[in-house]
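Examining the three-dimensional arrangement
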Amino acid sequence: RCPCCDGSSWAIWEVARAATGQMTNMARKSTMSSSTGPCRLRLSRKGASIKPERVSKKEPNAIRTTRFTPLSWLPKSLYLQFHRAANVYFLSIAAISTIPFVRAKWQPKVFLVIFILLAQACKDLYEDLKRRRDDQAENTRIVGRFNARQSSFQETRWCEIDAGSLLVVERGSPFPADTLVLASADSTGMFYVGTKSMDGETNLKERQAPSPVHELLNDNDRMDDERRQVSIANQLVDLGLEVGLEAPNANVMEMNCTVAAKNFPQPSGVSKHNFGLRGCELQNTAWVIGIACYVGDDTKVRLNSFPPPSKSSELERFLNNCVLCILAVLVAISIYFALASEFFLADSTPFYKIFLMYLVILYPVLPMTLYITFEILHLIIGFQIEMDPLMYDEDTEANAKARNTSVVEELGQVDFVFSDKTGTLTANEMRFAFCCVGKATLGPFLPGSDSEDGPGVEQAQSALEGKSGQHRSGEVRAFFEALAVCHTVKIDEDGTYQGESPDEVALVQAASNVGIVLERREAVGNSVVHRVCYGGDRAEDHNITHVLGFTSDRARMSVIAARSDGSAVLTTKGADSIMAGLLKDP
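Residues numbered from 1 in each chain as written. Predicted model: local features only at pLDDT ≥ 70, side-chain atom pairs only at ≥ 80, totals over all residues. Heavy atoms only, no water.

**Concerning the overall build of the protein chain**
Spelled out, the test is: Starting at the N terminus, helices and strands are each numbered in turn, a helix being any DSSP run of H or I of at least four residues and a strand any DSSP run of E of at least two. Only protein chains enter the calculation, and the probe is 1.4 Å; a residue is then buried if its accessible area is under 20% of its type maximum, exposed if over 50%, and partly exposed in between. What makes two residues a contact is simply this: any of their non-hydrogen atoms within 4.5 Å. Each accessible area is a Shrake-Rupley estimate made with a 1.4 Å probe; only the visible protein chains count as cover when residues are assessed.
Within the protein chain one finds 14 helices and 23 strands. Out of the 586 residues belonging to the protein chain, those deemed buried represent 45%. Pairs at least 24 residues apart make up 63% of the contacts formed inside the protein chain by residues separated by at least 6 positions. Carbon and sulfur atoms form 56% of the exposed surface of the protein chain, whose accessible area is close to 30,600 Å².

In structure tokens:
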């Protein structure tokens, strides 16, 4: 994480705008607070209700991450500033200069101290206003919320979403709350979410609408998206859904809730695989419809965030230690001069008065503008970071943001960057280069400078057609058929492949390039059918009855495909270190 980033969440969250607006009847009765326990949420034509009832809020889904409020800004800023030894010293000198027997002009010292403290407080306010601006942008995002009385989705600001709101989230948009997805544009009820803003992972996570609810919906995919969404939303409202919610907690790996309806009164369990958490982006699915279950400070991302800390850099801590050393020398010199005046000049003035006078006389040894210069340099460097053309992201059309300029000098002291994997620091693009079938190697498959297929594609096609004596046609066909069958890749409307991870897409695309093409993937009953076309002449359906997903422990993925004769075929792909052992001893 960049040391200039403020807060503990990967996503950018800031303070909510106090905006007015009238909630629709769909979910205006109540909302949950972060201190609530388990509850039950019921959806009906009359609106959403929660039992036990909760205290409602004007903007239940608004979030706030600023450090200050209008009342706490100046006191809290001054409190943080007095952690610096120099500010305590300057204030002490200004107070001492007002004592009559010191005989020093107090006005310049007092006014300068006030100026220094106010300047640093204004700098803190400026940074907090930037957080407030970002927070307003977050809370005023627009999402579609279903109005049961008007039977339509209406544009609603995020901050007005409360528990029980029936929402439609479009592709590329983040979820405004922790949402239980009940239906998706995919006929299988499947959808993908990107969690990059939460955990930095670029691979997509596969999620699924609860089967008991999805099976009750009469979904006509021939209708246009708007009419289809309204039709599904009306059916969901008429089902009389009742969602049992556990108490809000910060564990993002677990979600234990239940869902029931008139047609299946026995509650069915739902887990994190049925939810879209706030901040996660919907990907590879045109849209989903879900019910907001946890909003505002009850969401997982908010429960895992902390108030923005007051950060100090290594240079500032070093400077603070230097100031303490200078003050120690200054006090020692003042004591020495006071003692010398008392013993050698036979001055009748009390020792403490002479000590305080010398302390005021020698105070310019430590310049009062030291920290002002320090803060001005912070602002200048932060502004340069935000305007640096080399840090401009063309994809998002956004410049870098220095969220906390107090630690910008830390960036210049970075010598090593440790990363858990290459995908964190690269574009995370996977391309099929070589493969080994039996004892023969095919490749490279990478296209050349003229964008034509690599020689590996021609080698594989020749082997499939039986024209290559070096490669066995059956082994090559079985290899690429395994790549086209063992996966969870889906096909977009434009024919492109989309999957949870780029390497899985690269393997399916490699099989397609050599002529074993995944044409369609659709749900049929409790199984998924992969239609694979072989060279354009023959197509075969692979009935996938079960998928054993890839995990770090297994380091492999398997699918079970049922055959018409009652037998089944297990296809597995995985890391070579694991697969080599399985080939020797299955």
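**What about the sheet that holds strand β2 (residues 49-51)?**
What counts here: Paired strands, in this sense, are two strands between which DSSP finds at least two bridges. Orientation is described by lines fitted to C-alpha atoms, with helices fitted over the stretch in contact, and by angles between N-to-C directions that extend from 0 to 180 degrees.
If you walk across this open sheet you meet the five strands as β2-β1-β9-β10-β11, and the pairing is antiparallel. The open sheet has two free edges, formed respectively by β2 and β11 (268-270), since each of these has just one partner strand. Taken pair by pair, the neighbouring strands of this sheet meet at an average axis angle of 25°, ignoring direction. Strand direction decides the pairing type here: strand β1 (residues 39-42) and strand β9 (residues 242-245), joined by four bridges, are antiparallel.

**As for the nonpolar core**
Just so we agree on the cut-off: We call a set of buried Ala, Val, Leu, Ile, Met, Phe, Trp, Tyr and Cys residues a nonpolar core when their side-chain atoms join them within 4.5 Å.
In terms of nonpolar packing, the biggest core is built from 48 residues, with Leu166, Phe175, Leu236 and Leu241 touching the most fellow members. Secondary structure elements with two or more residues in this core: β1, β5 (166-170), β6 (178-184), β7 (190-194), α6 (225-238), β9, β10 (257-260) and β14 (287-294). The dominant element in this core, judged by the number of residues it contributes, is β14, at six residues. The contacts of phenylalanine 175, once residues within four sequence positions are left out, are Trp158, Val169, Val181, Phe191, Val193, Gly276, Leu277, Arg278, Gly279, Cys280, Leu282 and Val288. Counting 30 residues, the second largest nonpolar core, distinct from the first, contains Ala460, Ala510, Val514 and Met557.

**What about the pairing of strand β20 (residues 527-534)?**
Burial analysis of β20 places seven of its eight residues in the buried class, the great majority of the element. Across eight bridges, the pairing between strand β19 (residues 516-524) and β20 is antiparallel. Within the sheet, the bridge partner assigned to arginine 521 lies in β20 and is histidine 530. Two successive antiparallel strands, β19 and β20, enclose a turn made up of two residues, where glycine 525 displays a positive phi of approximately 65°.

**Brief notes about the confidence of the model for the protein chain**
Keep this limit in mind: The quantity called pLDDT is the predictor's confidence in a given residue, expressed from 0 to 100.
In the predicted model, the protein chain carries a mean pLDDT of 82, and 89% of its residues have values of at least 70. Across residues 1-35, where pLDDT falls below 50, the model places 142 contacts with residues more than four positions away in sequence or in other chains.

**Focus: the pattern of salt bridges**
Once their charged atoms are close, side chains differing in charge can pair, the charge on each being opposite to the other. Operational definition: Whenever a carboxyl oxygen of Asp or Glu lies within 4 Å of a side-chain nitrogen of Lys or Arg, that contact is scored as a salt bridge.
Going through the model one piece at a time under the given rule, you end up with 23 salt bridges. Lysine 490 is the salt-bridge partner of aspartate 186, the closest N and O atoms lying 3.6 Å from each other. Taken together, the residues aspartate 186 in the loop between β6 and β7 and lysine 490 in strand β17 (residues 490-491) connect sequence positions 304 residues apart. In this structure, a network of salt bridges that share partners links the residues Arg84, Lys123, Glu127, Glu316 and Glu375.

**Thoughts on helix α2 (residues 85-97)**
Heads up, the condition is: Every helix has an expected span of 1.5 Å times one less than the residues it contains.
Its 13 residues place the ends of α2 18 Å apart at the C-alpha level, agreeing with the 18 Å of an ideal helix rising 1.5 Å per residue. Along α2, the residues classified as buried are Ala85, Ala86, Asn87, Tyr89, Phe90, Ile93, Ala94, Ile96 and Ser97. Looking at the buried positions of α2, the neighbouring elements they touch are α1 (73-81), α3 (106-139), α8 (314-344), α9 (351-361) and α10 (370-387).

**Digging into the environment of proline 502**
Here proline 502 shows up in helix α13 (residues 502-513). In this structure proline 502 comes out as partly exposed when scored by relative accessible area, which is 26%. Taking the C-alpha atoms as reference points, proline 502 and methionine 430, separated by 72 residues in sequence, lie 5.7 Å from one another.

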